[in-house]
Amino acid sequence: MCVMQQRDSGTAAALLLALLITSVFPALAQNQQPEPLPVDPALTAPDAADFPEPVSFIPVTIIIPSAASTSSASGTSSISPRDSINLLKAGRDDQAAFERIRRDHLGFTRGSSSTRCDERVGRFCLNRMGDSSNWIIPEEHTDVVKARADLITGLRMATELLPGDHWLVGERVAYLVEAREFTEAADAVTHCRAEEWWCSALAGYVFHYAGQAARADSAYEVALSAMDSRKREEWTDLSLILDNQSIRSYRRLTGMERSAFEERFWRLADPLLSRPGNELRAEHLSRHVRAEMQSSARSVERLSWGWDMREILIRFGWPIGWEQLRDFGMTPGPAPLVSHYSNGPGNLLPPAEALRDPVFTGGDWNTDDPRSRTGYNIPLPDSIARWFDPLAHQIALFPDGERLRLVAAFELPPDSVPEGATVEASLVFLPTTDPGATALIKTASSDMPSTLLLEAPATPAIVGIEVLVPSGNRLARVRYGINPAPVPAGSVTLSDLLLIRDGTEPPTTLEAAVPLARGSTEVVVGERISLFWESRGIDATETPTVLMSLRLLEPPAGWLRRIGQHTGLVRDSNAIRLRWEEPVPSEALFVRSMYLEVPPVKPGVYSIELTVEVPGHEAISTQREIQISGR
């Protein structure tokens with residue numbers, strides 16, 4: 001995607017920004033990330049105890065039209081108002097000079113300033129650019145690296161003299177984080193003497209990009225509490241990242257209703273429930289910190305700051321690199337830039353349907369939208385996370401009265417994890433109707449965990465699998481909304497179908513079936529597969545036998561497929577059609593497993609449907625979607 005600035009014919013050249021969203025261009029996310037820079041493991045200052053109760057912040061007005069002296073950070077020297085003004089001006093000049101040096105050393109690309117417009121944002125025209133997916137982040141020129149180091153040194157000296165200056169400490173932190181010098185950045189925050197909200201916000205910024213989401217959360221809570229109501233409303237507003245329908249409903253909310261919506265939104269948006277902190281909320285707030293920094297600083301684009309640049313920053317984050325556009329017509333002035341953005345999957349925020357659902361579980365949580373309004377990355381301690389996409393998996397629910405047992409299995413792509421690397425896998429369950437309920441999490445960590453079992457209440461929830469490979473900075477996630485209900489006494493229930501590996505003795509309990517669960521629902525024509533399921537509530541004294549049937553359903557082709565999944569508009573392929581009578585055991589739990597051979601059908605997505613007919617009760621059915629491939 002690109003963003004083109006709209007200009008009159010006699011003005012300077014147009015600006016071109018390529019927004020590379022990894023959901024559209026997965027090659028960049030999987031194979032073309034820069035080598036991570038090392039992070040000092042001693043990044044512990046300030047201590048976790050410093051937030052949300054930070055060091056005593058002393059608001060100091062440095063630039064004042066009087067002859068009063070102002071104490072330095074050390075408390076042993078003073079600086080006059082005139083000197084403080086000159087020092088601040090020198091800092092601004094140095095910052096602008098660095099951005100000029102950065103721009104002068106940018107590489108070139110070819111393109112045209114005339115292109116279609118998918119979306120207009122103020123001066124800019126947003127477009128998808130398919131030819132940008134192969135862009136590799138170049139190594140920074142040594143002159144740029146040296147210039148940044150010199151600028152950081154100058155800003156450090158300036159903030160030691162003017163520890164209460166909002167702009168100086170902000171720019172120092174910005175460039176230290178850019179250089180991934182997190183230890184020094186944390187130290188700069190510790191000595192910050194600007195407004196309390198700003199120092200706390202800078203702490204959140206440092207912790208977030210250092211991969212410490214929980215500490216970032218704590219720091220941002222202090223910042224939001226300390227800032228004035230106007231700025232707090234601006235930073236917490238969700239209008240720029242919501243879909244159009246949700247925005248209309250959101251803007252009608254006021255007071256407590258609005259706050260409750262925002263709290264629920266970020267609770268559902270937490271990208272990794274198995275890890276402390278909320279990386280997406282911290283990223284959203286960090287973008288506001290960066291907007292505060294950029295509002296009064298020079299940038300490599302050489303454009304005046306405006307609402308349109310702020311909106312692009314809040315929606316897509318800060319660019320990961322730039323290129324100069326070599327061919328841009330006859331327009332005078334410096335070459336426009338292509339600004340590259342590396343964004344994670346476009347499905348990390350809750351789907352619009354979930355925000356309008358009374359129990360907040362609706363919608364598809366796993367389908368990327370190439371035209372998503374926003375995109376997010378997940379910072380890890382030494383890099384940005386790269387995503388396994390898609391993650392082969394299956395999740396099955398086994399109801400038991402007021403409780404559920406959840407089974408999850410997954411497979412990582414072949415050769416995607418170094419041999420012997422630790423894989424951290426979690427099965428998560430987040431109740432959605434109780435805002436105070438905590439997520440239930442079952443985690444396994446080994447060289448290759450593949451199955452997980454978790455017990456949870458039968459209540460509306462978000463369930464999912466989260467996988468982290470720390471040594472490779474790789475992440476994977478799938479997520480679903482479920483809306484079960486406690487089963488009344490006397491009701492007949494049927495679990496999901498669980499695909500298990502064939503070639504072993506049929507399991508007679510769920511605990512025995514879990515280790516055998518297949519990590520993928522993709523099967524091959526002619527392959528023998530096994531199914532496992534449970535039924536409860538059938539009284540053997542009243543019903544000695546039940547009728548069971550199994551068939552293979554073929555969803556409608558093309559755009560009808562999704563409608564068919566929700567409305568039952570599916571076709572019976574006749575490739576599998578079984579019906580048999582089954583004796584009912586005396587136990588309350590009815591456990592069955594069976595195997596079948598994948599028939600010679602056209603490759604595609606199908607559903608296996610199991611139906612149980614119990615006299616005196618309505619027939620109950622369950623389905624398992626599978627992907628059938630050719631031999």
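Just so it is clear, the structure is predicted and the values come from calculations on it, not from any experiment.

### Here's the deal with the overall build of the chain
(1) Moving on: What the chain contains, in helices and strands, is 15 helices and 28 strands.
(2) Moving on: Expressed as a percentage of the 631 residues in the chain, the buried residues total 52%.
(3) Moving on: Counting contacts in the chain only where the partners sit at least 6 residues apart, residues at least 24 apart contribute 72% of the total.
(4) Moving on: As displayed, the chain has an accessible area near 28,300 Å², and 51% of this comes from carbon and sulfur atoms.

### Some thoughts on the sheet that holds strand β17 (residues 451-457)
(1) Moving on: Strand order in the open sheet formed by three strands is β13-β14-β17, with antiparallel pairing between adjacent strands. Looking at which strands have only one partner, the edges of the open sheet turn out to be β13 (392-400) and β17. Direction aside, neighbouring strands of the sheet carry axes that sit 20° apart on average.

### Notes on the state of the cysteines
(1) Moving on: Counted according to the given criterion, the structure contains one disulfide.
(2) Moving on: Here Cys192 connects covalently by a disulfide to Cys199, the sulfurs 1.9 Å from one another. Here Cys192 and Cys199 share a disulfide; its torsion about the S-S bond, -70°, makes the bridge left-handed. Take Cys192 and Cys199: they sit in the same class, and that class is buried.

### Topic: the environment of Ile101
(1) Moving on: Looking at the secondary structure, you find Ile101 in helix α2 (residues 81-104).
(2) Moving on: The exposure class of Ile101 is partly exposed, given its relative accessible area of 30%.
(3) Moving on: Spatially, the C-alpha atoms of Ile101 and Val300 are 8.9 Å apart, while their sequence positions differ by 199 residues.
(4) Moving on: If we ignore the near neighbours within four places in the chain, the residues touching Ile101 are Asp143, Val144 and Ala147.

### Topic: the pairing of strand β23 (residues 528-536)
(1) Moving on: Most of β23 sits inside the fold, with eight of its nine residues counted as buried.
(2) Moving on: Pairing between strand β20 (residues 493-494) and β23: two bridges, direction antiparallel. Along β23, the bridge assignment pairs Thr493 with Arg536.
(3) Moving on: Of the strand pairs in this sheet, strand β21 (residues 498-500) and β23 are connected by three bridges, and their pairing is antiparallel. When the bridges of β23 are listed, Ile500 appears paired with Ser530.
(4) Moving on: For β23 and strand β26 (residues 589-597), the ladder comprises nine bridges, and the chain directions are antiparallel.

### Comments concerning the confidence of the model for the chain
(1) Moving on: Put simply, the chain has an average pLDDT of 82, and 81% of its residues get 70 or more.
(2) Moving on: Here helix α1 (residues 26-31) stands out as the element of the chain with the lowest mean pLDDT, 31, in contrast to helix α6 (residues 196-209), whose mean of 98 is the highest.
(3) Moving on: pLDDT under 50 marks residues 4-77. Its contacts with residues more than four places away, or in other chains, come to 203 contacts.

Cut-offs used in this document
- Residues numbered from 1 in each chain as written.
- Predicted model: local features only at pLDDT ≥ 70, side-chain atom pairs only at ≥ 80, totals over all residues.
- Heavy atoms only, no water.
- Helix = DSSP H or I, 4+ residues; strand = E, 2+ residues; numbered from the N terminus.
- Buried < 20%, exposed > 50% of the residue type's maximum accessible area, 1.4 Å probe, protein only.
- Contact = heavy atoms within 4.5 Å.
- Areas by Shrake-Rupley, 256 points an atom, 1.4 Å probe, with all protein chains shown as cover.
- Pairing = 2+ DSSP bridges.
- Axes fitted to C-alpha atoms, helices over the stretch in contact; angles between N-to-C directions.
- Disulfide = S-S within 2.5 Å.
- pLDDT = per-residue confidence, 0-100.

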